[in-house]
Amino acid sequence: MTDNKDNLVLTTRFGLEKSYTADVYQKTGGYKSIDKLFSMKPDDVIEEVKKSGLRGRGGAGFAAGLKWSFIPKNVDKPKYLCVNADESEPGTFKDRYLLEDDPHQLIEGIIICCYAIGAESAYVYIRGEFDLAYRRIEEAVQEAYQKGYLGKNLFGKNYKLDVTVHRGAGAYICGEETALLSSLEGNKGQPRIKPPFPAVVGLFGCPTIINNVETISALPYILNNGADAYKKFGTEKSPGTKLFSVSGHVNKPGVYELPLGYPMKDLINKVCGGMKDGKALKAVIPGGTSMPILTAKDCETVTLDYESMTAHQTMLGSGGVIVMNEDVDMVWVLRNLSRFYAHESCGQCTPCREGTGWIDKMLVRILREGGEEKDIALLNELSDNMMGKTICVLADSLSMPVISFIKKFPDDFRRHLKNRPQAVRVGI
Ligand SMILES: Cc1cc2nc3c(=O)[nH]c(=O)nc-3n(C[C@H](O)[C@H](O)[C@H](O)COP(=O)(O)O)c2cc1C
Ligand code: SF4
């Protein structure tokens, strides 16, 4: 976290005693946006969010206001908001802190979004392994009901909103928005073919918005201070601040709120106190493990925003930054990822079900026995055949790292070839 609270949107209450209670939330400006909200027309709220340039913080970076505007008008069906708190992408642990330290900020954001899209029910789908985060959001919801901030005539207004917290059961795939909906409906947590998109046919067949915890938590600031104030943070094309969860070989790993456009090298060297034990930087996964990797050289120029990441052939994703030093074997890292994605594939699509497992087995063989030159070409070919050919992007989440790891760290793969005198063998 930066020391200057004026530079913060999402984490102003982090570190305050009992920051998770309604009392502390209100004493520090919480629920202030409600009067303004109800003085506005729902469409004007959507316009303000559009104007703010807020993009979804769950991974894909889709414009929040634009997504809300896809909710059909004059449809005689209930509308829903589902807050995605499944947070299972390896390297990503920011939503947990928003849920633990400032759950009322999320509830205020839920009220704003639901009013804008005309929803009277919202669900918070929370990762099953989260314990404290679950208790904090559940207690905050109950507190909000007791105080009349949720339920019928909330805050004395002519409006009703119910919020239900639903715990997942440990499947990474349930973070994918349509798998989340299936799971919430009581079905097997498997992604659905899109279109139709959830904004049109979502939960129980009704129009539904799915947004990440961080996306919804930014709304009270935007409504209180206006879109222009929000746009003062960040860059022209990537406005606002974002949470980055930094792990790996840095001196001060943690969750940091930074304006978009902040240099990666400063995140590592200034904010995170530099590389641990004075080792050299080798690689960084910038946005959760599904994203293509960056080299140390890339990190000299890349900035933490959507455009710069694209220019460096990767993505900002969920902001899960994994920092690796010179001692790390990239084939071993890739195998760690392949094991995860092969285990978490829901199995509906052949290229994903078979491809993730095949890549995993190949990497284990290469690490244990040494590989052959043709294995590298086969890994690339397999990944290419998986990409863009499945119901959801879990298959791409492994293909993209495979292709980028081989492209950016070819020597690490060659070290494991059988014909090398010093071929490395790893006991896994
Ligand atoms: C395999 C997979 C897992 C995902 N897991 C999450 C997750 O844990 N949390 C999340 O917010 N989005 C996750 N997403 C992205 C969601 O499908 C969806 O895009 C997001 O919740 C939309 O919210 P946003 O627009 O606010 O980012 C995942 C996507 C995929 C393909
Ligand atoms: S890509 Fe993989 S996880 Fe996604 S639907 Fe297909 S099999 Fe399931």
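Small disclaimer: the values here were computed from a predicted structure and weren't measured. Just so you know, the residues in each chain are numbered from 1, in the order the chain's sequence is written. Following the order in which they are written, the chains are lettered starting with A and the ligands numbered starting with 1. For a predicted model such as this one, the threshold for reporting local features is a pLDDT of at least 70, and the threshold for listing and counting side-chain atom pairs is 80 or more; totals across whole chains, interfaces and linings nevertheless cover every residue. Water and hydrogen atoms play no part in the side-chain values, which are based on all heavy atoms of the structure.

**Here we look at the layout of surface pockets**
Then step 1. Approximately 320 Å³ is the volume found for the second largest pocket.
Then step 2. A cavity here means a set of 1 Å grid points, computed over protein atoms only, where a 1.4 Å probe fits but cannot escape. A pocket is an open set with protein on both sides within 12 Å along at least 5 of 7 lines, and lining residues have an atom within 4 Å of a point. Lining the second largest pocket are 17 residues, with T12, R13, T28, G29 and Y221 positioned closest to its centre.
Then step 3. Think of it this way: any DSSP run of H or I at least four residues long counts as a helix, any run of E at least two long counts as a strand, and we number them from the N terminus. At the level of elements, α6 (103–117) and α10 (219–225) are the ones that each hand at least two residues to the lining of the second largest pocket.
Then step 4. Per-element tally for the lining of the second largest pocket: the top contributor is α10, with 4 residues.
Then step 5. Tallied by class, residues from the lining of the second largest pocket come to 6 nonpolar, 8 polar and 3 charged. Grid points are joined across faces, edges and corners, and a volume is the space filled by probe spheres set on the points. Note on residue classes: Ala, Val, Leu, Ile, Met, Phe, Trp, Tyr, Cys and Pro are nonpolar, Asp, Glu, Lys and Arg are charged, and everything else, Gly too, is polar.

**Some thoughts on empty space enclosed by the protein**
Then step 1. If you walk through the whole model with that rule in mind, you get 1 cavity of 30 Å³ or more.
Then step 2. A volume near 90 Å³ is recorded for the largest cavity.
Then step 3. Forming the walls of the largest cavity are 13 residues, and the residues nearest its centre are C346, C349, C352, C392 and L394.

**Section: the site of ligand 2**
Then step 1. We call a residue near a molecule or strand when any one of its heavy atoms sits within 4 Å of it. Lining the immediate environment of ligand 2, one finds I173, P191, S345, C346, G347, Q348, C349, C352, T390, I391, C392 and L394.
Then step 2. Molecules are considered to sit inside a cavity or pocket once more than half of their atoms lie within 2 Å of its grid points. Among the detected pockets, ligand 2 sits in the largest cavity.
Then step 3. Its residues assigned to classes, the shell around ligand 2 shows 8 nonpolar, 4 polar and no charged.

**Let's talk about the site of ligand 1**
Then step 1. With respect to spatial proximity, 18 residues lie near ligand 1, and among them G58, N84, N211, N212 and T215 are the closest.
Then step 2. R57 has a polar backbone atom sitting 3.3 Å from an oxygen atom of ligand 1.
Then step 3. Between ligand 1 and the protein, one listed contact pairs an oxygen atom with a side-chain N or O atom of K67 at 3.0 Å.
Then step 4. Notes on ligand 1: free accessible area 610 Å², of which the protein chains cover 90%.
Then step 5. In terms of residue count, strand β4 (residues 208–212) provides more of the shell around ligand 1 than any other element does, 3 residues in total. N or O atoms within 3.5 Å of each other form a polar contact, as long as, within protein, one can give a hydrogen and the other can take it, and as long as residues adjacent in sequence are counted only when both atoms are side-chain atoms. The accessible surface values rely on the Shrake-Rupley method and a 1.4 Å probe; as for residues, cover is taken only from the protein chains in view.

**Topic: the side chain of D360**
Then step 1. Within the element layout of this structure, D360 appears in helix α16 (residues 350–369).
Then step 2. Categorising residues by exposure relies on relative accessible area from a 1.4 Å probe, with only protein chains included: less than 20% of the type maximum marks a residue as buried, more than 50% marks it as exposed, and the intermediate range marks it as partly exposed. Residue D360 is classed as buried on the basis of its relative accessible area, which comes to 12%.
Then step 3. In contact with D360, other than residues within four places in its own chain, are R335, S338, R339 and A342. Residue contacts are counted whenever heavy atoms from the two residues lie within 4.5 Å of one another.

**Focus: helix α18 (residues 394–408)**
Then step 1. Given a helix with a known number of residues, its expected span is that number minus one, times 1.5 Å. A rise of 1.5 Å per residue sets the reference length of α18, with its 15 residues, at 21 Å; its end C-alpha atoms lie 22 Å apart and thus fit the reference within 8%.
Then step 2. Burial analysis of α18 places 11 of its 15 residues in the buried class, the great majority of the element.
Then step 3. Those residues of α18 that fall on the buried side of the exposure criterion are L394, A395, D396, S397, L398, S399, P401, V402, S404, F405 and I406.
Then step 4. Lining the buried residues of α18 we find β8 (281–285), α15 (330–344), α16, α17 (373–386) and α19 (410–414).

**Focus on the pattern of salt bridges**
Then step 1. By definition here, a salt bridge exists when the distance from a side-chain nitrogen of Lys or Arg to a carboxyl oxygen of Asp or Glu is within 4 Å. If you walk through the whole model with that rule in mind, you get 28 salt bridges.
Then step 2. Here D102 and R13 are joined by a salt bridge, their closest N and O atoms 2.8 Å apart. Of this pair, D102 sits in the loop between α5 (95–101) and α6 while R13 sits in the segment before α1 (22–27); the two residues are 89 residues apart in sequence, bridging distant segments of the chain. Accessibility assignment for this pair places D102 and R13 in one class, buried.
Then step 3. What emerges from the salt-bridge pattern is a single network uniting R57, K94, D95, E214 and K242.

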